[in-house]
Amino acid sequence: MITPLKEFATDIRIQEMIEFKARGFGHTGGSLSVADCLAALYGGIMRIDPKNPQWEDRDRLVMSKGHAGPALYATLALKGYFPLEELKTLNQNGTKLPSHCDRNLTVGVDMTTGSLGQGASTACGMALGLKHSGKDARVYLILGDGECQEGQVWEMALFAAHHKLNNLIAFIDYNKRQLDGYVKDICDLGDLVAKFKSFNWYTTMIKGDDPDLIRQTVLDVQKNQGDRPGMIVLDTIKGAGVPQIENIPLNHHTNVTPEEADEIIAQLEEFKRKG
Amino acid sequence: MFKLIYNGEKEKKAGKKVFGETMQKIVEQDPLAVYLDGDIMNSIGTLGLEKKFPDQVFECGIQEADMMGIAGGLSAVGKKPYVHTFAAFAARRAFDQVFISIAYAKNNVRIIGSDPGVTSAYNGGTHMPFEDICLYRAIPHSTVIEFTDSAMLASLLPTLKDRPGLTYCRLNRKEGTAIYSEDSTFEPGKANLLRDGKDVTIVACGMMVGESLKAAEILEKEGISAAVIDMFTIKPLDEEIIKEFADKTHAFVTAENANIVGGLGAAVAAFLSESTPCPVIRVGVKDEFGQVGTPEYLAEVYGLTSKEIIEAVKKAVSMK
Ligand SMILES: Cc1ncc(C[n+]2csc(CCOP(=O)(O)OP(=O)(O)O)c2C)c(N)n1
């Protein structure tokens, strides 16, 4: 038996595959590796109301690695923000579900992203604004590890700590790969935990494939972060949960045939049944 | 000298394949030539060059602003940098670094922006550069080029190696319409007259060159004689040929896969209004943001097809 959160994460992956199948290609690797994190956040951590997506007091999510839009769309559709059927329009002409997250197109998307690094600052701005309006809503930020090569991420890290933004919790999807290959070969990030600690963030690193652990860790961070922003580094695999995609060396953007998608969906359904 | 091979068909090789081969030749032939990329090598046909040429090819990762500054520094110590990223990031994401550390500091750097305008297709609004021509034109003493096809890319890119100052090139990494024979050569700043005409002149760049030739063929059947000029160097503009055709046709249409604000059309109109005033109708994106879709769909949405060129020609002729 798998837990309800793990089931939610698996459903997210299934819906992602339905999206990719309809279009024939997409940012599979990085969309699969964030499924467990999204399941934890939308599966109980975040204060949201899918029937009132513009609710002023809601928690916000900024998917700064904006190319993981398909993962967020699957999550939002499963939560009832819009019909599941719409997922098949991913990247079709005239769609409301583009490659990269767009707050003006998709119900439930809180910020427009796609130019890496920029979501870091907008999330920080949201947290600053909410805090200074006396609101208790929180902001969750998801960064890619490759994305952390952008200087903007580190400018934000300084600012958020200086302004004691303890209503901000960031995640790094530490899947070790970016577009051209392994992060350590391209421009090594070194010890991310030590770096964020030294920037005065409450920082921890956990395995990123267990939504129940992610949930518990978020609660722990909220309890312990004091007046610091929180950082949870998620040790993940690019393409996580789908060995066929994990095993493609350059799996940032891959083709997905209908047969491959069906096989993967069947596999994931099986996992839901048997664990 | 160039030879036109246009017959409406697509090129056999994608721009990224040709870019990869050409970049390799450039670094092989000149030890001072260096190539920097921002985690887009797998998309532009160059992945692996950083291992083959570790002293000349640098994969920077996702840090465009830093990469532009590094290119400026490399030039300052005598290297000849070529820098590539998607055109959106080459223009918007690192503009001040390009402006100050490259152009103002008088360093010599070539920047290649791929996926111009609607060719960025499924990457959508954040990645769809309609403004890069405008932004790069606004940098003093810059050169702004759009490769018309991959034959031009292969021939022209190596010759830019010793060009002083900042040179920006737009590049389609997919298969566009074939325009030139492989042995064609090109001179920056000198436009190509692809088709003579007496009623109107169409000045185009990039993927709109093929659309303009198509439009001119249709217009000919309707009794309108349209000249077609490939203005692949958008800056400095070939004023001589524009002046010549202003005197001859007294009407212009411009066509570009970019915002008409500050683009090729704006450059041509500005020159004409100060020298030989005559009607100029600009075909291009009308001050809009990008979105996802197939390039064909997007070309229709934004009015970037031969149909709009034909309408514009009729309007320009009627205004004479
Ligand atoms: C500023 C910017 N530069 C380049 C890109 C192109 N790009 C999109 S995703 C990506 C790789 C991202 O790697 P990472 O952040 O590790 O994401 P993940 O591996 O989780 O998908 C690149 C280079 C971009 N979207 N934005």
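Residues numbered from 1 in each chain as written. Chains lettered and ligands numbered in written order. Predicted model: local features only at pLDDT ≥ 70, side-chain atom pairs only at ≥ 80, totals over all residues. Heavy atoms only, no water.

Student: Explain the overall build of chain A to me, please; I cannot follow it from the model alone.
Tutor: The secondary structure content of chain A amounts to 11 helices and 7 strands. Here the C-alpha atoms of chain A give a radius of gyration of 17 Å, agreeing with the 19 Å that 2.2 N^0.38 yields for 275 residues. Over its C-alpha atoms, taken along the principal directions, chain A stretches across nearly 50 × 45 × 40 Å. A buried classification covers 57% of the 275 residues belonging to chain A. Excluding contacts between residues fewer than 6 apart, the proportion of contacts in chain A whose partners are at least 24 apart in sequence is 76%. Element-wise, carbon and sulfur atoms account for 52% of the exposed surface of chain A, whose accessible area totals about 10700 Å². Of the charged side chains in chain A, 30 are positive and 36 negative; the average position of the first set lies 4 Å away from that of the second. (Helix = DSSP H or I, 4+ residues; strand = E, 2+ residues; numbered from the N terminus. Rg over C-alpha atoms; globule rule 2.2 N^0.38 Å. Buried < 20%, exposed > 50% of the residue type's maximum accessible area, 1.4 Å probe, protein only. Contact = heavy atoms within 4.5 Å. Areas by Shrake-Rupley, 256 points an atom, 1.4 Å probe, with all protein chains shown as cover. Lys, Arg positive; Asp, Glu negative; His and termini not counted. Charge placed at Lys NZ, Arg CZ, Asp CG, Glu CD.)

Student: Explain unusual backbone geometry to me, please; I cannot follow it from the model alone.
Tutor: Outside of glycine, negative phi angles account for most residues, and trans bonds account for most peptide bonds. Residues and elements named next belong to chain B. Note the cis peptide between lysine 235 and proline 236, where omega equals -5 degrees. Of note, histidine 141 is a non-glycine position whose phi angle comes to about 65 degrees, a positive value. For histidine 250, which is not a glycine, the phi torsion comes out positive at approximately 60 degrees. Mapped onto the fold, histidine 250 is located in the loop between α10 (239-249) and β11 (252-259). Of the residues examined, histidine 250 reaches a relative accessible area of 42% and is grouped as partly exposed.

Student: Just to check I follow, could you spell out the packing of helix α1 (residues 4-23) of chain A against helix α4 (residues 69-78) of chain A for this structure?
Tutor: Helix-helix packing: each pair is described by the crossing angle between the helix axes and the interaxial distance. All names here are of chain A. It is at 8 Å that the axes of α1 and α4 come closest, and there the two elements cross at 115 degrees. Judged by the sense of rotation from one axis to the other, the crossing of α1 with α4 is right-handed. Along the contact surface, α1 presents Phe8, Asp11, Ile12, Gln15, Glu16, Glu19 and Phe20, while α4 presents Pro70, Ala71, Tyr73, Ala74, Thr75 and Leu78. Its residues assigned to classes, the contact of α1 with α4 comprises 8 nonpolar, 2 polar and 3 charged. (Axes fitted to C-alpha atoms, helices over the stretch in contact; angles between N-to-C directions. Left-handed = near helix turned anticlockwise from the far one by under 90°. Nonpolar A, V, L, I, M, F, W, Y, C, P; charged D, E, K, R; others polar.)

Student: In this structure, what is going on with the site of the ligand? I would like to understand it.
Tutor: The ligand sits among 25 residues. The nearest are A:Lys65, A:His67, A:Asp145, A:Lys238 and B:Glu64. More than a single chain frames the ligand: its nearby residues are located in chains A and B. The separation between an oxygen atom of the ligand and a polar main-chain atom of A:Gly146 is 2.8 Å. Computed on the free molecule, the ligand has an accessible area of 590 Å², of which 99% lies beneath the protein chains in the complex. Class assignment for the residues of the shell around the ligand results in 5 nonpolar, 10 polar and 10 charged. (Near = heavy atom within 4 Å. Polar contact = N/O pair within 3.5 Å; in protein donor to acceptor, adjacent residues only side chain to side chain.)

Student: How should the environment of B:Ala316 be read in this particular structure?
Tutor: Residue and element names in this part refer to chain B. Note on placement: alanine 316 falls in helix α13 (residues 306-318). On the basis of relative accessible area, alanine 316 is assigned to the buried category, the value being 0%. If near-sequence neighbours (up to four positions away) are discounted, alanine 316 is found in contact with Val200, Ala251, Phe252, Val253, Pro279 and Ile281.

Student: When you look at the packing of α1(A) against helix α9 (residues 211-224) of chain A in this model, what are you seeing that I'm missing?
Tutor: Residue and element names in this part refer to chain A. Where α1 contacts α9, the two axes come as close as 8 Å, and the packing angle between them is 115 degrees. Regarding the angle of α1 to α9, the classification is roughly perpendicular. Seen from α1, the contacting residues are Leu5, Lys6 and Ala9; seen from α9, they are Pro211, Asp212 and Arg215. When the residues that make up the contact of α1 with α9 are grouped by side-chain class, the tally is 3 nonpolar, no polar and 3 charged. (Parallel < 35°, antiparallel > 145°, perpendicular 65-115°, else oblique.)

Student: Quick question: what am I supposed to make of the interface of chain A and chain B here?
Tutor: When the parts come together, some accessible area is lost, and that loss is often what is quoted as the size of the interface. Contacts between the two partners involve 28 residues from chain A and, on the opposite side, 22 residues from chain B. Both faces combined, the contact of chain A with chain B buries some 2000 Å², and carbon together with sulfur accounts for 51% of it. Applying the counting criterion to the chain A and chain B interface returns 1 salt bridge. With its nearest N and O atoms 3.4 Å apart, the salt bridge here joins B:Arg93 to A:Glu150. Taken together, chain A and chain B are joined by 16 residue pairs in polar contact (both at pLDDT 80 or more). In terms of residue class, the side of chain A that touches chain B is made up of 7 nonpolar, 17 polar and 4 charged. (Buried area = accessible area lost by both parts, 1.4 Å probe. Salt bridge = Lys/Arg side-chain N within 4 Å of Asp/Glu carboxyl O.)

Student: Would you explain α4(A) in this entry?
Tutor: The α-helix winds at 3.6 residues per turn, so residues separated by three or four positions along the chain end up facing the same way. All names here are of chain A. The buried count for α4 comes to 9 of 10 residues, which makes it a mostly enclosed element. Among the residues of α4, those classed as buried are Gly69, Pro70, Ala71, Leu72, Tyr73, Ala74, Thr75, Leu76 and Ala77. Turning to α4, the residues buried within the fold contact α1, α2 (28-32), α3 (35-45) and β2 (60-63). One or two positions beyond α4, positive phi appears at glycine 80, with a value near 95 degrees.

Student: So what exactly am I meant to see when it comes to the sheet that holds strand β12 (residues 280-285) of chain B here?
Tutor: Sheet strands associate in pairs through backbone hydrogen bonding, adopting either a parallel or an antiparallel arrangement. Residue and element names in this part refer to chain B. The 5 strands lie next to each other as β7-β9-β8-β11-β12, forming an open sheet whose pairing is mixed. Whereas interior strands pair on both sides, the edge strands pair on one side only; in this sheet they are β7 (192-195) and β12. Strand-to-strand twist across the sheet, computed as the mean angle between neighbouring axes with direction ignored, equals 25 degrees. Packed on one face of the sheet, helix α11 (residues 264-275) meets β8 (200-204), β11 and β12 and runs near 145 degrees to β11. (Pairing = 2+ DSSP bridges.)

Student: Teacher, can you tell me more about the confidence of the model for chain B here?
Tutor: Detailed reading of the predicted model is not advised wherever pLDDT is low. Summary statistics for chain B give a mean pLDDT of 98 and a share of 100% for residues scoring 70 or more. Confidence metrics for the complex model read pTM 0.97 and ipTM 0.96. (pLDDT = per-residue confidence, 0-100.)

Student: I would appreciate a short explanation of the pairing of strand β4 (residues 168-174) of chain A in the present structure.
Tutor: Each regular strand displays side chains that alternate between the two surfaces of the sheet. All names here are of chain A. Burial runs high along β4: 6 of the 7 residues are buried. Direction of pairing for strand β3 (residues 139-144) relative to β4: parallel, over a ladder of 6 bridges. Each residue of the ladder has a partner; that of tyrosine 140, found in β4, is isoleucine 169. What joins β3 to β4 is helix α6 (residues 151-162), and the crossover it makes is right-handed. Note that β4 and strand β6 (residues 230-235) share 6 bridges and pair parallel. By the bridge assignment, aspartate 173 is partnered in β6 with leucine 234. (Right-handed = clockwise from strand over helix to strand, strands pointing away.)

Student: Could you clarify how one ought to interpret the pattern of salt bridges in this entry?
Tutor: Think of it this way: side chains of opposite charge can pair up when their charged atoms draw near. Residues and elements named next belong to chain B. Counted by the stated rule, this structure contains 33 salt bridges over all chains. Salt-bridge contacts for glutamate 21 lead to lysine 17; the nearest nitrogen and oxygen are separated by 2.9 Å. Of this pair, glutamate 21 and lysine 17 are both found in helix α1 (residues 15-29), 4 residues apart, which corresponds to roughly one turn of the helix. Classification of glutamate 21 as partly exposed rests on a relative accessible area of 30%. Residues joined by salt bridges that share partners form a network here, namely Asp30, Lys80, Lys161 and Asp162.

Student: In this structure, what is going on with the domain arrangement of chain B? I would like to understand it.
Tutor: Residue and element names in this part refer to chain B. Partitioning chain B into domains gives domain 1 (15-171) and domain 2 (192-318). Put simply, the middle of domain 1 and the middle of domain 2, counted by C-alpha atoms, are 26 Å apart. On the domain 1 side of the interface with domain 2, the three residues burying the most area are Val118, Phe130 and Arg137, jointly 33% of the side's total. The tally of links from domain 1 across to domain 2 stands at 0 salt bridges. Counting every contact that joins domain 1 to domain 2 gives 13 residue pairs in polar contact (both at pLDDT 80 or more). Among the elements of the structure, α7 (132-137), β5 (143-146) and α8 (150-159) are those that each provide at least two residues to the side of domain 1 that touches domain 2. In terms of residue count, β5 provides more of the side of domain 1 that touches domain 2 than any other element does, 4 residues in total. (Domains from an automatic or database assignment.)

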